[in-house]
Amino acid sequence: MSILRSALSIDLISYALIIGTLPLLFLSQLPSSSVWWGIAVITLLCAGCRGNKQRLLSIVLLSFLWSTLYAEGVYRQVDSYVGRTAQVQGEIVSAQINTQESQTLLLRVKQIDGQLLPWTESFTLPLHFSMNDQVIARQMAAGQQWQLKLLFRAVHSRLNQGGYDQQRRAIAIHQPLVGQVKSAKMLDESIDIRQKLINRVQQVIAPLITRDIILALAFGEREGMSSERRLLFLQTG
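Note that the structure is predicted; figures quoted are calculated from it, not measured. (Residues numbered from 1 in each chain as written. Predicted model: local features only at pLDDT ≥ 70, side-chain atom pairs only at ≥ 80, totals over all residues. Heavy atoms only, no water.)

J.: Account for the pairing of strand β1 (residues 85-92), with residues named and values stated.
T.: As paired strands, β1 and strand β5 (residues 145-154) are joined by seven bridges and run antiparallel to one another. What sits directly across from Glu91, in β5, is Gln145. Direction of pairing for β1 relative to strand β2 (residues 105-112): antiparallel, over a ladder of five bridges. If you follow Val88 over to β2, its bridge partner there is Ile112. (Pairing = 2+ DSSP bridges. Helix = DSSP H or I, 4+ residues; strand = E, 2+ residues; numbered from the N terminus.)

Encoded structure:
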């Protein structure tokens, strides 16, 4: 009780945020718009109260509202695009790395079938290439504008022995879909400042054995790491 009488601590706020997301584990369906807005009104009323218990409840409800809103967005995205083939325009996000390993590239989708997406609905899409299309993948670099014919697929995975769930990770990083590239056309070959900097750094560190680790630490680009080193870091942390 003494804790509640004082200002809310970081621990209490953290617990409230976690509790607010737990209903997603057992809800059979997401709340309707009327229910969602009703809870939003209650949240505002609780937030306006002076008591810390009411304010703590408002944080729980706010966390619930945010988590269900995000879940609704993921569901809508997957339901709208899975199994659909479309013409997509967007900007390459991933930097091109000099590597012999196959590289997963990310596309920031801006248009689908000629329709410009509002900023609230824009999303980043991992691109998958067949073996015959790896040449196209190696031409792509961060900042370039491309028009692609894609088949949208949902991320699927099975739990491995270590408990890693690729589907859960994909949802956590806002990438529940992948795009299978059918054809590609470059619209603008200009690269961004980040890609230019990476190109310059790659020239400097080319003689080093640890160049892949340097790129991963400096720019977050892990695609250049060998499978052996990637496995080593997974095992040792």
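Still more to cover.
J.: Outline the packing of aromatic side chains, supporting the account with residue identities and numerical values.
T.: Applying the stated criterion across every chain, the model contains four aromatic pairs. Aromatic pair Trp36 and Trp37: ring centres 5.0 Å apart, planes at 80 degrees, arrangement edge-to-face. Among the residues examined, Trp36 registers a relative accessible area of 18% and is labelled buried. Both rings, one in Tyr81 and one in Phe123, keep their centres 5.7 Å apart while their planes meet at 40 degrees; by these two values the pair is tilted. Taken together, the residues span a long stretch of sequence, with Tyr81 in helix α4 (residues 52-81) and Phe123 in strand β4 (residues 123-128) at a distance of 42 residues. Its relative accessible area of 11% is what places Tyr81 among the buried residues. The class of Phe123 is buried, set by a relative accessible area of 6%. Following the ring pairs from residue to residue traces out a cluster consisting of Tyr81, Phe123 and Phe152. (Phe/Tyr/Trp six-rings, centres within 6.5 Å; stacked < 30°, edge-to-face > 60°. Buried < 20%, exposed > 50% of the residue type's maximum accessible area, 1.4 Å probe, protein only.)

J.: Residues and numbers for the confidence of the model for the protein, please.
T.: Per-residue confidence for the protein averages 85 on the pLDDT scale, and 91% of its residues sit at or above 70. Taking the mean pLDDT of every element in the protein, the minimum, 46, falls on helix α1 (residues 2-5) and the maximum, 94, on helix α3 (residues 33-47). Note that pLDDT drops below 50 for residues 1-5; the model gives that stretch seven contacts with residues more than four away or on any other chain. (pLDDT = per-residue confidence, 0-100. Contact = heavy atoms within 4.5 Å.)

J.: Now, about the packing of helix α7 (residues 193-205) against helix α8 (residues 211-219): what can you tell me, with residues and values included?
T.: Running from N to C, α7 and α8 cross one another at 150 degrees; their axes reach a closest spacing of 11 Å. Viewed along their axes, α7 and α8 adopt a mutual orientation that is roughly antiparallel. In this structure, the crossing between α7 and α8 has a hand that is right-handed. Residues Arg194, Leu197, Ile198, Val201, Gln202 and Ile205 of α7 pack against Arg211, Ile214, Leu215 and Phe219 of α8. Here the residues of the contact of α7 with α8 sort into seven nonpolar, one polar and two charged. (Axes fitted to C-alpha atoms, helices over the stretch in contact; angles between N-to-C directions. Parallel < 35°, antiparallel > 145°, perpendicular 65-115°, else oblique. Left-handed = near helix turned anticlockwise from the far one by under 90°. Nonpolar A, V, L, I, M, F, W, Y, C, P; charged D, E, K, R; others polar.)

J.: Can you break down the state of the cysteines residue by residue, with the values?
T.: As enumerated under the stated definition, the model contains zero disulfides in all. Here Cys49 is not disulfide-linked; the sulfur of Cys46 is the nearest cysteine sulfur, at 5.8 Å. (Disulfide = S-S within 2.5 Å.)

J.: Now, about the pattern of salt bridges: what can you tell me, with residues and values included?
T.: Inspection of every chain in the model, using the stated rule, returns four salt bridges. Residues Glu72 and Arg76 are paired through a salt bridge, measuring 3.3 Å at the closest nitrogen-oxygen approach. One end of the pair is Glu72 and the other is Arg76, both in helix α4 and four residues apart, which spans about a single turn. Looking at Glu72, the relative accessible area reads 24%, which means it is partly exposed. Here Arg108 and Glu91 are joined by a salt bridge, their closest N and O atoms 3.8 Å apart. Of this pair, Arg108 sits in strand β2 while Glu91 sits in strand β1, placing them 17 residues apart in sequence. Using a relative accessible area of 36% as the deciding quantity, one classes Arg108 as partly exposed. (Salt bridge = Lys/Arg side-chain N within 4 Å of Asp/Glu carboxyl O.)

J.: I'd love a proper account of a nonpolar patch on the surface, names of residues and values included.
T.: A grouping of Tyr15, Ile18, Ile19, Leu22, Leu24, Leu25, Phe26 and Leu27 is seen on the molecular surface, where their side chains present a nonpolar patch of about 840 Å² in accessible area. Here Ile18 shows up in helix α2 (residues 10-21). (Patch = residues over 30% accessible without salt bridge, like charges linked within 9 Å, V, L, I, M, F, W, Y side chains within 5 Å. Areas by Shrake-Rupley, 256 points an atom, 1.4 Å probe, with all protein chains shown as cover.)

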